[in-house]
Amino acid sequence: MQHLFNLQTLDDIWGLPSSPASWYTPYSLGFQVSLTSFLMLELVLGFSSNLTVLVLYFSQSNLVDSVSNMVTVNLHVLDVAVCVLCLPITLVIVLLPPGPNLALLCCFHEACVTFASISTAINILVISLDRYDISVRPANRLLTTHRATLLLAAVWVTSVAVFFIPFLEVQWSTWRNQTLLCVGGQDYHTGLGMHFHLILQVPIFFTTVAVMLFTYSRILRALNIRIGSHMKKVTSDTGAVTAMPTTSVQASVSAIIALRRAVRRHRDRRERQRRVFKMSLIIITTFLGCWAPLSVTNMLILGIGPSEALVSLRLWFLALAYGTTVSHPLLYAFTRQKLRRALRAKVKKRVVSLLQVDPSPGGTIIHNSWVENRKSSRQVRLEASKGTDRCLAEVL
């Protein structure tokens, strides 16, 4: 019985020639060296940074104690999977010369690209919804721990399911003269072909972008409303101080101190608002910058058909999309105070152990000032803010 994904079957279905002489020359040396170097850099940085985040999260149980941390950890697990599974396959596609044995590998590569694209978009969408939920309605959250667990399970089921779409396209295909997107050459056809995996990636990307724009705009609006209501309270307190009799010196001093504290809290909230706006802009811009070029290229392939130039350009844009494996730890993990504290504690413990001269009880320990946990007065004031405002800033 013939194997399900036999190479000969793939070659026949896709209309690929069986003679190595009819295959085309590989990518140019400059193309291979530059793209391989870029992919290797992303592989090392993405894998190490995401693995560091996961080690920090799971080494301390109090870090994975909320829905927001759950969905963030899920994103980093996905990024590790992309670094381990998808990036190496793309490297092989770039380096190997075209040949008959590349048919199955091309199909597997398209499956990995579909998995990375759709699963990343869905995970970013879930994180955006979680931040909207915790910021707009913190007292009555819809995304509870149980619902978040079910939602993340559905995300992984969907991600695994879309992985098999390119293989199903090969099996379901009844057309001839189809072409694989990772094989360039003169025999590209302009027909749509079996590119359902591309059709699926485009609307999911634009849906995620629309959800991100909506949720982060509402988060900024919610923070602005809270600041506005607080300013009304400050104004009313100022009016009350003005109306107080001048003979009550003690009451006037207390009211002035309270007013100064209220103004200071308002200033801290305005600083949070600027930080939230900045982080929201960076998050949305990063997602657009990394995945929009690939989505536009997919649309061009669907519209005018694949060509050698488009396939080569698609590989570069795919490498750019893999850059999110490096940016996600910076945007979603190391912006959290708890994780930064855990990282500082690990570094401090490691540095102190290296600087310790005598481990005996009476031994001398060399202290280094940069590992001391010092807090400025402004940091103390920021940490003294109320829980609602912390929710708005901490998730970003």
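Rules and cut-offs
- The residue numbers shown here count from 1 along each chain, following its written sequence.
- With the structure being a predicted model, the display of local features is reserved for residues of pLDDT at least 70 and the display and counting of side-chain atom pairs for 80 or more, all residues being used for whole-chain, interface and lining totals.
- The basis for every side-chain value is the complete set of heavy atoms in the structure, and neither hydrogens nor water enter the calculation.
- For patch building, the residue pool is restricted to those with more than 30% relative accessible area and no salt bridge; the joining distance is 9 Å between like charges and 5 Å between nonpolar side chains (Val, Leu, Ile, Met, Phe, Trp, Tyr).
- Only the protein chains shown count as cover for residues, with accessible areas throughout obtained via the Shrake-Rupley method and a probe of 1.4 Å.
- Between Lys or Arg on one side and Asp or Glu on the other, a salt bridge is scored when a side-chain nitrogen of the former is within 4 Å of a carboxyl oxygen of the latter.
- Think of it this way: any DSSP run of H or I at least four residues long counts as a helix, any run of E at least two long counts as a strand, and we number them from the N terminus.
- The buried label applies to any residue whose accessible area, calculated with a 1.4 Å probe on protein chains only, is under 20% of its type's maximum; exposed applies above 50%, and partly exposed to all values in between.
- Charge assignment in this entry is limited to Lys and Arg as positive and Asp and Glu as negative, and neither His nor the chain termini are counted.
- Here, two residues are considered to be in contact whenever any of their heavy atoms come within 4.5 Å of each other.
- Residues belong to one nonpolar core when they are buried, are Ala, Val, Leu, Ile, Met, Phe, Trp, Tyr or Cys, and are joined through side-chain atoms within 4.5 Å.
- UniProt positions are given in the numbering used here, feature names are shortened, and annotations may be inferred rather than shown by experiment.
- Stacked, edge-to-face and tilted are the three classes for Phe, Tyr and Trp ring pairs, Trp counted by its six-membered ring, which pair at centre distances within 6.5 Å; planes under 30 degrees apart are stacked, over 60 edge-to-face, the rest tilted.

S.K.: Which parts of the structure should I look at to understand a nonpolar patch on the surface?
M.R.: On the surface, F47, L51, V55 and V84 cluster together to form a nonpolar patch covering roughly 330 Å² of accessible area. The dominant element in the nonpolar patch, judged by the number of residues it contributes, is helix α2 (residues 29-59), at 3 residues. Of note, F47 is situated in helix α2.

S.K.: What should I look at first to understand the side chain of E42 in this one?
M.R.: Topologically, E42 is positioned in helix α2. This buried residue, E42, is left without a salt bridge; R314 holds the nearest opposite charge, at 14 Å. Residues in contact with E42, not counting those within four places in the same chain, are F47, L87, A319, L320, Y322, G323, T325 and V326.

S.K.: Sorry if this is basic, but what is going on with the nonpolar core here?
M.R.: Most often, soluble globular proteins keep nonpolar side chains buried together rather than apart. If you look at the biggest cluster of nonpolar residues, it comprises 63 residues, and the most contacted ones within it are L39, F287, W291, Y322 and Y332. With residues near it in sequence (within four places) discarded, Y332 still touches T72, L75, I124, I127, R131, Y216 and I283. Ranked by size, the runner-up nonpolar core spans 6 residues in total, among them V53, L54, Y57 and A333.

S.K.: Explain the UniProt feature "transmembrane region" (unreviewed entry) in the protein chain to me, please; I cannot follow it from the model alone.
M.R.: Here, the residues flagged by UniProt with the feature "transmembrane region" (unreviewed entry) are residues 38-59, 71-96, 102-127, 148-168, 198-216, 276-294 and 314-334. Counted over residues 38-59, helix gives 100% and strand 0%. Its end C-alpha atoms are 31 Å apart. As annotated, residues 102-127 has a helix share of 100% and a strand share of 0%, and its two end C-alpha atoms lie 37 Å apart.

S.K.: What's the story with the packing of aromatic side chains in this structure? I'm lost.
M.R.: Aromatic ring pairs are reported here in terms of the distance separating the ring centres and the angle at which the planes meet. Inspection of every chain in the model, using the stated rule, returns 9 aromatic pairs. Centre to centre, the rings of F38 and W316 are 6.3 Å apart; their planes meet at 45 degrees, and the pair counts as tilted. A residue pair is termed long-range when its members are at least 10 positions apart, and F38 in helix α2 and W316 in helix α9 (residues 308-321) qualify at 278 residues. Given a relative accessible area of 32%, F38 falls into the partly exposed group. Consider the rings of F163 and F164, whose centres lie 5.4 Å apart with planes at 90 degrees: the pair is edge-to-face. Using a relative accessible area of 42% as the deciding quantity, one classes F164 as partly exposed. Through a chain of ring-to-ring contacts, three or more aromatic side chains come together here, namely F108, F163, F164 and F167.

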